[in-house]
Structure formats: structure tokens, C-alpha cells
Amino acid sequence: MPKHSMPLQDLPSGTLQGYMLSQSNEMNKRKSSDVFLSEGLDMECTPTESIMQFSPHHKYQRLLSMRKENDCNQFVLNKRSRRKKESTSCISWDHLPDELLLRILFYVPLQDLCRMSSVCKRWHRLALDESLWHSVDLEGLTHVGPALQQVLKNGVHMLRCPRSFVEDFHFSGSGPLQMVLMDLSSSIIPPSSLESILSHCRLLEFLSLEALQLSDNIISSLSMNPNLLQLNLSGCSGFSAPALAHMLKSCSRIEQLNISWCEFDNDHVKSVVNNLNPAVTHLNLSGYREGLTLEDVKVLVTRCPNIQALDLSDSTLLMADSFPVLRQLKGLLHLSLSRCYHIHLAALTDLGSMFPLLSLLDVFGIVKDGHLSSLKKELPRISINSRPFSSIARPSPSSGLTGGFMWNRKCQLRFKL
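So, how was this worked out
Residues numbered from 1 in each chain as written. Predicted model: local features only at pLDDT ≥ 70, side-chain atom pairs only at ≥ 80, totals over all residues. Heavy atoms only, no water. Helix = DSSP H or I, 4+ residues; strand = E, 2+ residues; numbered from the N terminus. Buried < 20%, exposed > 50% of the residue type's maximum accessible area, 1.4 Å probe, protein only. Areas by Shrake-Rupley, 256 points an atom, 1.4 Å probe, with all protein chains shown as cover. Salt bridge = Lys/Arg side-chain N within 4 Å of Asp/Glu carboxyl O. pLDDT = per-residue confidence, 0-100. Contact = heavy atoms within 4.5 Å. Axes fitted to C-alpha atoms, helices over the stretch in contact; angles between N-to-C directions. Parallel < 35°, antiparallel > 145°, perpendicular 65-115°, else oblique. Left-handed = near helix turned anticlockwise from the far one by under 90°. Nonpolar A, V, L, I, M, F, W, Y, C, P; charged D, E, K, R; others polar. Phe/Tyr/Trp six-rings, centres within 6.5 Å; stacked < 30°, edge-to-face > 60°. Patch = residues over 30% accessible without salt bridge, like charges linked within 9 Å, V, L, I, M, F, W, Y side chains within 5 Å. 1 Å grid on protein atoms, 1.4 Å probe; cavity = no way out; pocket = protein on both sides within 12 Å on 5 of 7 lines; lining within 4 Å. Points joined across faces, edges and corners; volume = space filled by probe spheres on them. Lys, Arg positive; Asp, Glu negative; His and termini not counted. Polar contact = N/O pair within 3.5 Å; in protein donor to acceptor, adjacent residues only side chain to side chain. Pairing = 2+ DSSP bridges.

Turning our attention to the overall build of the protein. Counting its secondary structure elements, the protein contains 16 helices and 14 strands. Classification of the 417 residues of the protein by burial places 43% in the buried group. Counting every atom, the protein has about 23300 Å² of accessible surface; 55% of that belongs to carbon and sulfur.

This is the structure in C-alpha cells:
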């Protein structure tokens, strides 16, 4: 008979039913202890006393002995709850890498990018990253001086700022600018401010200063850009013939030059025809009335035989005897003789045989509307009076794209109203 078994006669006082009831209560206590332990598994720390109190008898003895052995070390037995998985539905901006944030900021308008630069140090650093300021459009803005100062310091390569008002300011940068393309056409900007910008430019390839007041110092600054390919000085004033000659000699890679309707005398015209790059292909020398002579045309054609587009409009001294001279331009594709009133309609009919590659002819003002149809019949392969405005060296040709484009390139960072 097992040790814990007792004869019925040796049972404690009470009936067998009472003994069974006490055993049942003991079992209920054990079950409740199991429930307590199972419910307490999710707790970070379960008190040792509770574990010992509701543990089975043989486990209780074991825990008691372990407690005596570890009284000095304050041993605690517990069960750590499982860590709940963190939600991945929301990602903090702080966790995104710089490369991804820069890609997002690439589509942010200029004014919002400036606001974001004041959020925190990291966003300030990212918002002023050079990759975001590669091309900037400030067209039509007023009081653009502070913005222009910041744009130039951020290493802009393409700056489009036509028809803007730039108050008197001085660019405070020390090193050379990274500017390659710049359009300031028809803007209001003091010559001193413009000089402070151009004096830091060494890499210009495309430049438009149309209708601006210039100076000899500004023209001398242009001489520091030997890679200049297209230059638009249409309608400019304030510089001398010697300064112009020096600039054209220094910028020996110019392919397109628009120098029409400037405040020129014959000395300025001679500076152009005597010093222009022989490899030039597009030239607008219109608007000089008595300032351009047949002798100047002879010098020009001899020096620059590769001209493909030539605009001599409003040269009132030119007559039909200039055609044999122009005939030396074997690759001439576009000729503009608008308002050259001494050239008669009958002489124009010979142009088809003189220039086999000629495809565009502008003769506004010297051919009346009634005679235009007959001239088109005489010259069927030539498009006549289809280009009222010259596109030579202009950043936005009349037939080209607008809205942030210049020289067929789009500015990414724009100020949106």
C-alpha cells in the first residue's frame, strides 16, 4: 500500500464524503493555479510568490529549494511575453534615405522647397542640394534680387529669368559660377548688378541679354567665356566698338550671333564683320539701315562662307547688286531681306537659281500682298514670308516651346503662382 494511502478506519474525523469534498477543493485550487499561470503568461514579470503558491505540490517543493539556494542573488523566475509586431503601414520621413528624399524634392515647386529648408537641419541640407538647383526658372518675378542671390550660390547651371525685375544688388560669391545657360532677356537689371554676375561666369555656352543696358565691362566679362556658342545681344546698348571686337576675337566658337537693332554706328558693324568667328552658321545683323554697306557684306561673306541663315533686314543701302556677293554662301538656307526697299520684285525671282539650297525667304515690306502669289509661283520650292520673327540665338524661338524651355531645354525648378 502506498505511503500516502490510509485505511478507511484511520481516516480523519468526518465522513468519506467530507474527505472527497476536501480532495475536490484541492483539485479546484490546482486548476485555478493553472488558470492563473496561463493568464499571467502575457505579463512582463510574474511574482515569484504567486508562482510558488499556485504551483503543483512537487513543483512547489522544487521552487522552494531553488529560492533557498538563491536568496542572496534575489533570483526571479518569470516568462517574458511575446513582442507584438510593429505596424508597417506608416513609414517615418526620418527613416527614408537621402537619395529617396532628393528624388521626392525634385518635383517640389521653388517656393515650397524654400519653406521646407527651414523645417530642420536635415531638410535644410537636402533642400539646398545642388542637384535640385541645376535648372531654375524665375520668369516674370519682381524683386527677384534675394532669390537670384541664393540661386547663384546653390550652383545653378541653367537660369531662366526673362521679363523680371532685379533690384540693385551685388553678387557676393567668391568663386566662379557653374552657369552654362542663362536668359535675362527683357529684364530690368542695373548694369552694375549684371556685371557682378557675368564677372563670375567662365563656362557660358548659351546667353541671351536681349534689350538690356550693357557696358564695356560687361562685354569684357563675356570675353572670359571661350566656349560661348550662341549669343543674343539684340536691342542692347551702352558698349563700344573696340570692346565688341575684343569679345568676338576671344569667343572664337560662336555659331549663332544675334546682334540686331543695337545702338550701333558703322564702326560697330565693322567690328562684327571683321572679327566674327569664320565658322559661324547663323547671323542676324538687321536693323542698321545706312550703317551696313555692300562693302561690309563682301567682308562678311569672304570671312564667314559657312553661313546658313542670314538676316540683313532693314538695311536700306542694299540693292540687287548684293545678290552676286551673297551667292558665295553655297550653303545658304534662310535669307531675310525684309524692308530692304531698294531691292525690287523682279530681282527676287533670280534667287531660286542663285541659291540651290535656299528654302526660306523673308521679304516683308518689299513685296505687296497682290504680288506675293506670283512670286511664290516663280519660286515654288521656297517658303516665302513664313517667319516674321528671327529665331537666331534666341532662347525661345517663335515656333518653339515656351513655359520653362530655353534652347530646347526645360528648367525643372520653377516658381508656381
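What follows concerns the pattern of salt bridges. Scanning all chains against the criterion turns up 10 salt bridges. Put simply, R163 and E139 hold a salt bridge, and the shortest N to O gap is 2.6 Å. Pair noted here: R163 is in the loop between β2 (158-160) and β3 (181-183) and E139 is in the loop between β1 (135-137) and α7 (145-153), with a separation of 24 residues, a long-range link. Between R339 and D314 there is a salt bridge, and its shortest N-O distance comes to 2.8 Å. Here the residue R339 occupies a position in the loop between β9 (334-336) and α14 (345-348), and D314 occupies one in the loop between β8 (309-311) and α13 (323-326), the gap between them amounting to 25 residues.

Residues of the protein with pLDDT of at least 70 account for 76%, and the chain-wide mean is 83. This stretch, residues 1-21, has a pLDDT under 50; its non-local contacts, to residues over four places away or in other chains, come to one contact.

This part takes up the packing of helix α11 (residues 266-275) against helix α12 (residues 294-303). For the pair α11 and α12, the least separation of the axes is 8 Å and the interaxial angle reads 20 degrees. Between α11 and α12, the crossing angle belongs to the class labelled roughly parallel. The crossing of α11 and α12 is left-handed. Across from N266, V269, K270, V273, N274 and N275 in α11, the residues of α12 making contact are D296, V299, L300 and R303. Split into classes, the residues belonging to the contact of α11 with α12 amount to four nonpolar, three polar and three charged.

Right, let's talk about the packing of aromatic side chains for a bit. Counted by the stated rule, this structure contains four aromatic pairs. Ring centres of F206 and W407 lie 5.5 Å apart, and the angle between their planes is 50 degrees; on these two criteria the pair is classed as tilted. Taken together, the positions of F206 in strand β4 (residues 206-208) and W407 in the loop between β12 (405-406) and β13 (409-410) put the pair 201 residues apart, joining distant regions of the chain. Assigned by exposure class, F206 and W407 land together as buried. Considering the side-chain rings of F239 and F264, the 5.8 Å spacing of their centres and the 90 degrees angle between planes classify their relative orientation as edge-to-face. One end of the pair, F239, is in the loop between β5 (230-232) and α10 (241-250); the other, F264, is in the loop between β6 (256-258) and α11, with 25 residues separating them in the sequence. Comparing F239 with F264, the two get one shared label, buried. Clustering of aromatic rings is evident, with ring pairs tying together F239, F264 and Y288.

Turning our attention to the environment of V301. Turning to its location among the elements, V301 is positioned in helix α12. With 28 residues separating them in the primary sequence, V301 and V273 have C-alpha atoms 8.7 Å apart.

Together, W93, L100 and I104 make up a nonpolar patch on the protein surface, roughly 270 Å² of accessible area in all. Along the polypeptide, I104 turns up in helix α4 (residues 98-105). Taking the relative accessible area as the measure of exposure, I104 reaches 34% and is therefore partly exposed.

Moving on to empty space enclosed by the protein. It is the rolling of a water-molecule-sized probe over the atoms that shows where space remains empty. Throughout the structure, instances matching the rule amount to one cavity of 30 Å³ or more. Within this model, the largest cavity holds a volume of roughly 30 Å³. What lines the largest cavity is simply L105, F106, L113, L132, Q412 and L413. Across the lining of the largest cavity, the residue classes break down as five nonpolar, one polar and no charged.

This part is about the packing of α10 against α11. Each packed pair of helices is defined by two parameters, the angle between the axes and the distance between the axes. At their nearest, the axes of α10 and α11 sit 9 Å apart, and the two run at 15 degrees to each other. The orientation of α10 with respect to α11, classified from their angle, is roughly parallel. Crossing geometry of α10 relative to α11 is assigned as right-handed. When α10 is examined against α11, the residues A241, L244, A245, L248 and K249 are found in contact with a partner set consisting of D267, H268, S271, V272 and N275. Grouping the amino acids of the contact of α10 with α11 by side-chain chemistry returns five nonpolar, three polar and two charged.

Another point: the side chain of D183. On the secondary structure map, D183 appears in strand β3. For the buried D183, which has no salt bridge, the nearest side chain bearing the opposite charge is R160, at an N-O separation of 4.7 Å. Of the polar contacts made by the side chain of D183, one reaches the side chain of S185; its length is 2.6 Å.

Let's shift gears to helix α8 (residues 191-198). Listing the buried residues of α8 in full gives S193, L194, S196, I197 and L198. Contact partners of the buried residues in α8: α7, β3, β4 and α9 (216-222).

An order of β11-β10-β9-β8-β7-β6-β5-β4-β3-β2-β1-β14 is seen for the 12 strands of this open sheet, with the pairing classed as parallel. Pairing within the sheet leaves two strands with one partner each, and these edge strands are β11 (383-384) and β14 (413-414). Here three bridges tie β5 to β6, and the two strands are oriented parallel to one another. Within the sheet, the bridge partner assigned to Q230 lies in β6 and is Q256.

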